[in-house]
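A closer look at the structure
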Amino acid sequence: MSDSHSTYFIPEPSRWPIVGTVALFIAFLGAAIMLNGSAFGTLILGFGFAAIVYMFAGWFADVIGESIAGKYNKQVDVSFRWGMAWFIFSEVMFFAAFFGALYYARVFSVPWLAGEGAKLITHELLWPEFIYEWPLMVIPDLEAFAASLYNEVIPAWGIPAINTAILLSSGLTVTFAHWALKKNNRSGLCWWLAATVLLGFIFVFMQASEYIHAYDELNMKLTSGIYGSTFFMLTGFHGFHVTMGAIMLLVILIRSIMGHFSALDHFAFEGVAWYWHFVDVVWLGLFIFVYWL
Amino acid sequence: MSEAVVHEDHHEHHDHKPTGIGRWLFSTNHKDIGTMYLVFALIMFFIGGAMAMVIRLELFQPGLQYVDPLFFNSMTTMHALVMIFGAVMPAGVGLANWLIPMMIGAPDMALPRLNNMSFWILPFAFALLLGTLFMPGGAPNGGWTMYPPLTIQLGDAFPFLIFAVHFLGISSIMGAINVIATVFNMRAPGMTFMRLPLFVWTWIITAFLLIASMPVLAGAVTMMLTDKFFGTSFFSAAGGGDPVMFQHIFWFFGHPEVYILILPAFGIVSQILPTFSRKPLFGYESMVYATASIAFLSFFVWAHHMFTVGMPLAGELFFMYATMSIAVPTGVKIFNWVATMWRGSLTFETPMLFSLAFVILFSIGGFSGLMLAITPVDFQYHDTYFVVAHFHYVLVTGSVFALYAGVYYWLPKWTGHMYDETLGKWHFWISTISVNVLFFPQHFLGLAGMPRRIPDYAVQFADFNMVSSLGGFVFGVSQLLFVYIVIQCVRGGEKATNQVWEGAHGLEWTLPSPPPFHSFTTPPKVTDATAHS
């Protein structure tokens, strides 16, 4: 690494940003057409996703190539760090919107529908039988939601507690991998990373089986009123992020096996590890506020 | 401004410019990307402006004459979306792209490829959004705030609207990340945070607002999407949700958003007033703290947009006092601008004229905002033309005027030519007079009870509407003069010096006009000397 202020690194013109833009455009276009009821949209969406994967592969290949060629100095490394850190913060704020919806429902809208505060008349006029409890077992408009009523929700101290243990352990294993990398212990790096990837995918598998249980046996669905909406949207987006994180870890694992990264220079590893800790922390919020309390 | 000592050896033009369409499509250059942002913003300004002309034409006299009510509602909705996300925000980012690297002594933005993508998303996102004009059921027509249940009932346009918002959000977040990484990491040696030009400061703070608020908007519209297509109940009371919840989440984004539109304008004016007053900015530190305070407070005032929705009394009171407290840091800024000019050696070139108009007219918008912040009074003003007058004073004579000021101020630096000062002054005077004819009567209309977003109105509102429409047409047409002035300046004109303006200080004025392709290939050394004080 050269002195941070002696030379600057400016990338050459690149086709990947415009490829990525067009790919996202195709995906959004396809999704919109699909949602408007045309199966043709699904095809476009699939093509868009393929193009997005192609863009990621190509863009990262360029970046990895430049990194291995030694074109990056300390300053580029720091720019990447700020970029990743604030990207993760934007993700935090995305989850904050859904947590906000959960709190608003629990603290305001559901008690109001049950007649609390100044909203007694709403309760009397709309659904007088509705009572407030959380987890919400009665949906205000029982007729409209007849197909998705449930008597039971997923308890915190079953699969969710095991999943908490899995995800927290994976936070440890990724740190062990990092320590191994810093000590130039390559086999330790690969094995601990492999363990992390494995734990990640086990988490996703457990989450999927929990969803199947909720749908098939409890009849608790995305369409089950505000409880189902917040439950599945929060855990669903989290599960999606865990899946992405696990794929990122897998890429890092493959790169580690290929001999990439050095004890002093391994931002890609650290960026992915930060991301992994982020999904970990979001999970703790979910475990406490969605499953437990 | 910083007294800068620049190494002489980096001014040789050894940079190779890519050519052809690839120069623009694959660009990693902050100046080219900045230019694309600014041109795009100008095009969208005229598309949004054309929609405003349709609105003012229909409102020229009472009765329904030119467009049907549904299309009228599409015009108000799309006018807002185009102007906010297509014109003002991209213009701000365009200026940031051009200026931040030059002002902090960097060769380019920190993440040039990401920068390219931030820009190129915009035309594609607007293809999704503007395409809805030709869809069954029409373009979005429930207001730019997209409140459910009305907006959920939209036709085929609905998913396009949602995905366009997602797409624009991705662009804004990437752009904001880039600004933060650039300012944190690419400053020249000696360019400490408290030596940054105020435009750079306002942009860092804007970037934080973007990163914190755009994902929340993405969350809100995602909930709307799943409510419509996947059976969730976020905004449906039947399932335990609440349509008002959308308003809370939306305005948690929406209020920081309005500061995203105005803070860069504050920055521009804070650069221009000292130059033409030939005095340093008064109270630099307090300007920085005031800007940060405004941004911080913006996260705790959102519900003043929804005083009439039926919130608990405690909420109404909290949001009223929190909102009014924003007047304190804003007052600090206006005081400092005026104090900067106090006993200065003033000249009135076009950028200065627009900045002066900004200070006065933005203050009018600020005061009407203070009136709207008073909860019991807002019950009368809510959803009337008083609100329309208020936010057009802060957005048109505020943001847009500051952007004009900024373009006139830096255009000679960008193009290497002086613009036509006489025409610039004409543009200023016609705009300033007509914009007041356009928006000032709307205060009276609102106080008299005329509601917003309606294509027809009671006859007692006829006179003021006619006056307002006439002002609108003149304002609309006079903006073509700006396009002519800019094109003329790009094509030629009196050669601009490096410093351009006699009183201008800062790193960007040490570079040649036009500056080299990559601004500072070796970092300049910034010394304290007269730094900004």
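Residues numbered from 1 in each chain as written. Chains lettered and ligands numbered in written order. Predicted model: local features only at pLDDT ≥ 70, side-chain atom pairs only at ≥ 80, totals over all residues. Heavy atoms only, no water.

Overview of the side chain of threonine 196 of chain A
All names here are of chain A. Put simply, the test is: Strands here are runs of E lasting at least two residues and helices are runs of H or I lasting at least four, both read from the DSSP assignment and numbered beginning at the N terminus. Classification of residues uses two cut-offs on accessible area relative to the type maximum, computed with a 1.4 Å probe and protein chains only: under 20% is buried, over 50% is exposed, and between them is partly exposed. Here a polar contact means two N or O atoms within 3.5 Å. Within protein one must be a hydrogen donor candidate and the other an acceptor candidate, and residues neighboring in sequence count only if both atoms are side-chain atoms. For this analysis, residues touch if any pair of their heavy atoms sits within 4.5 Å.
Counting through the fold element by element, threonine 196 comes out in helix H6 (residues 186-218). For threonine 196, a relative accessible area of 0% puts it in the buried group. At a separation of 3.4 Å, a polar atom in the side chain of threonine 196 contacts the main-chain amide nitrogen of valine 174. Those residues in contact with threonine 196 that sit more than four places away from it in its chain are Ser170, Thr173, Val174, Leu249 and Trp276.

Side note on the interface of chain A and chain B
The cut-off we apply is this: Put simply, buried area is the surface a 1.4 Å probe can reach on two separate parts but cannot reach once they are joined, added for both. Salt bridges are defined as contacts in which a side-chain nitrogen from Lys or Arg sits within 4 Å of a carboxyl oxygen from Asp or Glu. Think of it as three bins: nonpolar holds Ala, Val, Leu, Ile, Met, Phe, Trp, Tyr, Cys and Pro, charged holds Asp, Glu, Lys and Arg, and polar takes everything else, Gly as well.
The interface is formed by 62 residues belonging to chain A together with 71 residues belonging to chain B. Overall, the association of chain A and chain B removes approximately 5600 Å² of surface from exposure, summing both partners, and the carbon and sulfur fraction of that is 76%. Of all residues in chain A, the largest losses of buried area upon contact with chain B belong to Tyr8, Phe28 and Leu35 of chain A, amounting jointly to 12% of the total for that side. For the pair chain A and chain B, the number of links is 1 salt bridge. Note that arginine 113 of chain B and glutamate 66 of chain A form a salt bridge whose closest N and O atoms lie 2.9 Å from each other. At the junction of chain A and chain B, the tally comes to 12 residue pairs in polar contact (both at pLDDT 80 or more). Elements represented by at least two residues in the side of chain A that touches chain B include exactly helix H1 (16-35), helix H2 (39-68), helix H3 (74-113) and helix H7 (225-257) of chain A. Looking at the side of chain A that touches chain B, the element that brings in the most residues is H3 of chain A, giving 21 residues. Looking at the side of chain A that touches chain B residue by residue, the classes come out as 43 nonpolar, 14 polar and 5 charged.

Observations regarding a nonpolar patch on the surface
All names here are of chain A. Applied cut-off: Patches draw on residues past 30% relative accessible area with no salt bridge. Two like charges within 9 Å are joined, as are two nonpolar side chains (Val, Leu, Ile, Met, Phe, Trp, Tyr) within 5 Å. Surface exposure here means Shrake-Rupley accessible area, sampled with a 1.4 Å probe, where a residue is shielded only by the protein chains that are shown.
On the surface, Phe201, Phe240, Met244, Ile247, Leu250, Val251, Ile254 and Met258 cluster together to form a nonpolar patch covering roughly 690 Å² of accessible area. The biggest single contributor to the nonpolar patch is H7, with 6 residues. Positionally, leucine 250 belongs in helix H7. The exposure class of leucine 250 is partly exposed, given its relative accessible area of 33%.

Examining unusual backbone geometry
Put simply, tryptophan 134 of chain A and proline 135 of chain A share a cis peptide bond, and its omega is 5 degrees. Along the chain, the position of proline 135 of chain A falls in the loop between helix H4 (120-125) and helix H5 (159-182). Note the cis peptide between serine 513 of chain B and proline 514 of chain B, where omega equals -5 degrees. Looking at where proline 514 of chain B falls in the secondary structure, it is placed in the loop between helix H15 (462-491) and strand S2 (525-526). Here arginine 278 of chain B, not a glycine, exhibits a phi torsion of approximately 55 degrees, which is positive. Here arginine 278 of chain B lies in the loop between helix H7 (243-277) and helix H8 (284-297). Residue class for arginine 278 of chain B comes out partly exposed when judged on its relative accessible area of 30%. A positive phi is found at aspartate 383 of chain B, a non-glycine position, where the angle reads about 60 degrees. Of note, aspartate 383 of chain B is situated in the loop between helix H12 (375-381) and helix H13 (385-415).

Structural notes on the packing of aromatic side chains
A ring pair, where both rings are aromatic, is described by two values, the distance of the centres and the angle of the planes. Residue and element names in this part refer to chain B. Applied cut-off: Classification of ring pairs uses Phe, Tyr and Trp, with its six-membered ring standing for Trp, and accepts pairs whose centres are within 6.5 Å; under 30 degrees between planes counts as stacked, over 60 as edge-to-face, and the remaining range as tilted. In our convention, an over-ring charge means Lys NZ or Arg CZ found within 6 Å of a ring centre and within 35 degrees of that ring's normal.
Tallied over the full model, the rule gives 90 aromatic pairs over all chains. Their ring planes at 75 degrees and their centres at 5.5 Å tell us that phenylalanine 250 and phenylalanine 253 sit as a pair that is edge-to-face. You can see phenylalanine 250 and its partner phenylalanine 253 sitting in helix H7, 3 residues apart, about one turn around the helix. Both residues of the pair, phenylalanine 250 and phenylalanine 253, belong to the buried class. The residue whose ring lies beneath arginine 187 is phenylalanine 193, and the NZ or CZ to ring-centre distance is 4.1 Å. Looking at lysine 228, its charged tip hangs above the ring of phenylalanine 158, at a distance of 5.3 Å from the centre.

Describing the side chain of serine 170 of chain A
Residues and elements named next belong to chain A. Inspection of the secondary structure assignment puts serine 170 in helix H5. Owing to a relative accessible area of 0%, serine 170 belongs among the buried residues under this scheme. Here leucine 167 takes part through its backbone oxygen, which lies 2.6 Å from a polar atom of the side chain of serine 170. Among residues more than four places away in sequence, those in contact with serine 170 are Thr196, Leu199 and Trp276.

Overview of the confidence of the model for chain B
Residues and elements named next belong to chain B. The condition is simple: A residue's pLDDT is the predictor's confidence in that residue, given on a scale from 0 to 100.
Scored by pLDDT, chain B comes out at a mean of 94, with 96% of its residues at no less than 70. In the model of chain B, strand S1 (residues 4-5) stands out as the element of lowest mean pLDDT, 40, in contrast to helix H14 (residues 421-447), which has the highest, 98. Taken as a whole, residues 1-14 scores under 50 in pLDDT and shows 40 contacts with residues more than four places along the chain or in a different chain. Interface scoring of the predicted complex returns ipTM 0.95; its pTM is 0.94.

Focus on the nonpolar core
Let me state the cut-off plainly: Residues grouped as a nonpolar core are buried Ala, Val, Leu, Ile, Met, Phe, Trp, Tyr and Cys residues, joined through side-chain atoms within 4.5 Å. The domain limits used here are those given by an automatic or database domain assignment.
Counting residues in hydrophobic clusters, the biggest one holds 280 residues, and the most contacted among them are Phe85, Trp337 and Phe358 of chain B. Ranked by residue count, the leading element in this core is helix H3 (residues 69-104) of chain B, at 22 residues. Two domains share this core, each providing at least three of its residues, namely domain 1 (1-72) and domain 2 (73-292) of chain A. In this structure, phenylalanine 85 of chain B is in contact with Pro90, Leu122, Phe126, Trp144, Leu168, Met214, Leu217, Phe253 and Glu257 of chain B, ignoring residues within four places of it in sequence.

Quick look at empty space enclosed by the protein
Residue and element names in this part refer to chain B. For the record, the criterion: With a 1 Å grid spanning the protein atoms alone, the term cavity applies to any set of points in which a 1.4 Å probe fits but cannot get out, the term pocket to an open set with protein on both sides within 12 Å along at least five of seven lines, and the term lining residue to any residue with an atom within 4 Å of a point. Grid points are joined across faces, edges and corners, and a volume is the space filled by probe spheres set on the points.
Under the criterion given, the structure shown has 2 cavities of 30 Å³ or more. Its volume calculated, the largest cavity comes out at about 200 Å³. Lining the largest cavity are 22 residues, and of these Met89, Pro90, Val93, Ser172 and Trp203 sit closest to its centre. Those elements giving two or more residues to the lining of the largest cavity turn out to be H3, helix H5 (157-185), helix H6 (198-229), H7 and H13. Considering every element that reaches the lining of the largest cavity, the biggest residue donor is H3, with 6 residues. Counted by class, the lining of the largest cavity contains 16 nonpolar, 6 polar and no charged residues. Here the second largest cavity defines a volume of roughly 40 Å³. For the lining of the second largest cavity, the secondary-structure elements that each account for two or more residues are H3 and H5. No other element matches the 3 residues that H5 contributes to the lining of the second largest cavity.

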